[in-house]
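# Per-entry structural report
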Amino acid sequence: MSKVLIVAEHLNGQLNSATARCVTCAKAIHADSIDIVVLSDAPDAIAAQAAQIAGVSKVITVANAANAHALAQVLAPQIAKLAAGYTHVFGPSTTFGKDLMPCVAALLGVAQVSDVMAVDGPHTFKRPIYAGNAIITVTAPAEHAVVATVRTASWPATGAGGSASIEAASVDATLPTHTRFVTLQQGKSDRPDLQSASKVVSGGRALGSADAFSIIYSLADKMGAAVGASRAAVDAGYVPNELQVGQTGKIIAPELYMAIGISGAIQHLTGIKDAGTIVAINKDGDAPIFEIADFGLVGDLFQIIPELEKAL
Ligand SMILES: Cc1cc2nc3c(=O)[nH]c(=O)nc-3n(C[C@H](O)[C@H](O)[C@H](O)COP(=O)(O)OP(=O)(O)OC[C@H]3O[C@@H](n4cnc5c(N)ncnc54)[C@H](O)[C@@H]3O)c2cc1C
């Protein structure tokens, strides 16, 4: 009998869709119950969103001023306490989950299963290794709770339609004082979120400068798409790090991905493995990106993009 506890990811009172993707993964193990825990200083509105996810049994809220900001070291002891009675504790393999879940696993004395992309059984999972070049099947010991991060790009979000009960819990855990919140720095953008957008337009080193990168933003805005970038474009300072797609950036699964002036290095491709349709624009007809692209345009991006934008 599997009982799954999912740690909700949220920011500014909004539940991140990564949580509903974890629910889909939990359903794949045929869990008898799927609960979501919301840790926050004001969890009610977030819990109400979580309760609507179809198939969720119960939403547990832990209201505590210490939970106002998502600090792994503060949240983990509370989750470890709440984990009693659960066979599985899931979090998304986003920056939030990758920070938090190893702390939870360590407190529970288990090894984390990272980046679950498929479920073969309640304790047997598939996950990518070697930057997504190989898939390994791992089996976690059945006698311990499974603490896992769920590769969000591999699982669609479960839709609304549920009406789970919401229960407030108080957790008796000693919270550390060695880690405290100082400030949150985040980019502000009206564009769709890169991680959850259905369309993404990405630019690479070929753009040549931050100024020139504006044609990527312009095309993306025309299409209502999020903007991404290769690591070379990030390292060169054309765009901020949060736009990086790939092994050391964001793993995304948009319906449409446009790679513009991006060669298609394996570390970039691992970030778009689950993308639907891939369009590549590159002046080098032998660029590796064309091997995986559904549609390819060979030519100078500085000529093609304005033409494309005009046509749109
Ligand atoms: C451990 C590790 C982790 C990494 N993680 C990542 C990661 O997360 N994400 C990532 O992206 N990379 C990552 N990299 C780097 C990766 O190996 C590549 O170096 C990088 O992806 C290259 O970026 P690029 O395609 O923009 O640049 P390049 O490889 O330089 O390619 C530029 C492309 O633009 C084309 N081009 C040039 N001018 C034009 C033009 N005018 N019009 C059209 N096309 C043009 C060229 O033909 C070329 O194909 C990682 C590397 C390592 C070692």
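As the structure is a prediction and not an experimental result, all values here were calculated from the model. (Residues numbered from 1 in each chain as written. Predicted model: local features only at pLDDT ≥ 70, side-chain atom pairs only at ≥ 80, totals over all residues. Heavy atoms only, no water.)

### Some remarks on the domain arrangement of the chain
As a reminder, the rule being used: For the domain bounds, the source is a domain assignment made automatically or taken from a database. Pairs of residues are marked as contacts when any of their non-hydrogen atoms sit within 4.5 Å. Accessible surface is computed with a 1.4 Å probe, and the buried area is the amount of it that two parts give up when combined, taken over both parts together. Any carboxyl oxygen of Asp or Glu that lies within 4 Å of a side-chain nitrogen of Lys or Arg is treated as forming a salt bridge with it. Counted as a polar contact is a pair of N or O atoms within 3.5 Å, where, for protein atoms, one must be capable of donating a hydrogen and the other of accepting one, and residues adjacent in sequence contribute only when both atoms are in side chains. Here the term charged refers only to Asp, Glu, Lys and Arg, the term nonpolar to Ala, Val, Leu, Ile, Met, Phe, Trp, Tyr, Cys and Pro, and the term polar to all other amino acids, Gly among them.
Split into domains, the chain comes out as domain 1 (3-168) and domain 2 (199-311). The distance between the C-alpha centroids of domain 1 and domain 2 comes to 31 Å. Facing the eight residues of domain 1 at the interface are eight residues of domain 2. Approximately 690 Å² of surface area, both sides summed, lies buried where domain 1 meets domain 2, with 51% of it carried by carbon and sulfur atoms. If you sort the residues of domain 1 by the area they bury against domain 2, Ala131, Arg151 and Ala153 come out on top, with a joint share of 63%. Counting across the domain 1 and domain 2 interface gives one salt bridge. Among the ionic pairs, Arg151 bridges to Asp274, the shortest N-O distance being 2.4 Å. At the surface where domain 1 touches domain 2, the tally comes to one residue pair in polar contact (both at pLDDT 80 or more). Counted by class, the side of domain 1 that touches domain 2 contains four nonpolar, three polar and one charged residues.

### Considering the UniProt feature "domain: Electron transfer flavoprotein alpha/beta-subunit N-terminal" (unreviewed entry) in the chain
Basically, it comes down to this: UniProt positions are given in the numbering used here, feature names are shortened, and annotations may be inferred rather than shown by experiment. A run of H or I in DSSP counts as a helix once it spans at least four residues, and a run of E counts as a strand once it spans at least two, with each numbered from the N terminus.
Annotation from UniProt places "domain: Electron transfer flavoprotein alpha/beta-subunit N-terminal" (unreviewed entry) at residues 4-185. Here residues 4-185 runs as 24% helix and 31% strand, with 32 Å between its end C-alpha atoms.

### Quick notes on the layout of surface pockets
Empty space among the atoms becomes visible once a probe the size of a water molecule is rolled across them. Applicable threshold: Whether a set of points on the 1 Å grid over the protein atoms alone is a cavity depends on a 1.4 Å probe fitting there but being unable to get out, while an open set qualifies as a pocket with protein on both sides within 12 Å along at least five of seven lines; lining residues are those with an atom within 4 Å of a point. Grid points are joined across faces, edges and corners, and a volume is the space filled by probe spheres set on the points.
Within this model, the second largest pocket holds a volume of roughly 490 Å³. Within the residue set of the lining of the second largest pocket, elements represented by two or more residues are α6 (231-235), α7 (266-269), β16 (277-282) and α9 (301-311). Of the residues contributing to the lining of the second largest pocket, the split by class is nine nonpolar, 13 polar and four charged.

### Regarding the site of the ligand
Basically, it comes down to this: Near residues are defined by distance, with any heavy atom within 4 Å of the molecule or strand qualifying the residue. Only the protein chains shown count as covering a residue, and every accessible area follows the Shrake-Rupley method with a 1.4 Å probe. Molecule-in-pocket calls rest on the fraction of atoms, with more than half required to lie within 2 Å of the cavity or pocket grid points.
Of all residues adjacent to the ligand, which total 25 residues, the nearest are Arg205, Ser230, Thr248, Ser263 and Asn282. A distance of 2.8 Å is found between an oxygen atom of the ligand and a side-chain nitrogen or oxygen belonging to Gln267. A total of 980 Å² of accessible area belongs to the ligand in isolation, and the protein chains cover 75% of it. With respect to the detected pockets, the ligand is housed in the second largest pocket. Those elements that place two or more of their residues in the shell around the ligand are α6, α7 and α9.

### Concerning the sheet that holds strand β7 (residues 113-116)
Quick reminder of the rule: DSSP bridges decide pairing: two strands pair if at least two such bridges lie between them. Lines are fitted to the C-alpha atoms to define the axes, a helix being fitted only along its stretch in contact, and any angle between axes, read from their N-to-C directions, falls within 0 to 180 degrees.
Spatial ordering of the open sheet is given by β7-β11-β6-β1-β4-β5-β12, a layout of seven strands whose pairing is parallel. Each end of this open sheet is capped by a strand with a single partner; those strands are β7 and β12 (165-168). Strand-to-strand, the axes of this sheet are offset by a mean angle of 25°, without reference to chain direction. Strand contacts of helix α1 (residues 18-28): β1 (3-7), β4 (33-40), β6 (88-92), β7 and β11 (146-150), with the helix running at about 140° to β6, the strand carrying the most contacts. Contacting β1, β6 and β11, helix α4 (residues 95-108) runs over the sheet at an angle of about 175° to β11.

### Some details on the sheet that holds strand β10 (residues 134-139)
If you trace the three strands from one edge of the open sheet to the other, you get β8-β9-β10, paired in antiparallel fashion. At either end of the open sheet lies a strand with only one pairing partner, and these are β8 (118-121) and β10. Here the strands of the sheet are splayed against their neighbours by 35° on average, with no regard to which way each runs.

### A word on the side chain of His268
To keep things clear, this is the line we draw: The rule is simple: take the accessible area with a 1.4 Å probe, protein chains only, and divide by the maximum for that residue type; under 20% is buried, over 50% is exposed, in between is partly exposed.
If you trace the backbone, His268 turns up in helix α7. Take His268: its relative accessible area is 5%, and that puts it in the buried class. Within the local environment of His268, its side chain forms a polar contact with the backbone oxygen of Val245, the two atoms lying 3.3 Å apart. Apart from the residues within four sequence positions on either side, His268 is in contact with Ala229, Ser230, Val245, Gly246, Tyr257 and Ile262.

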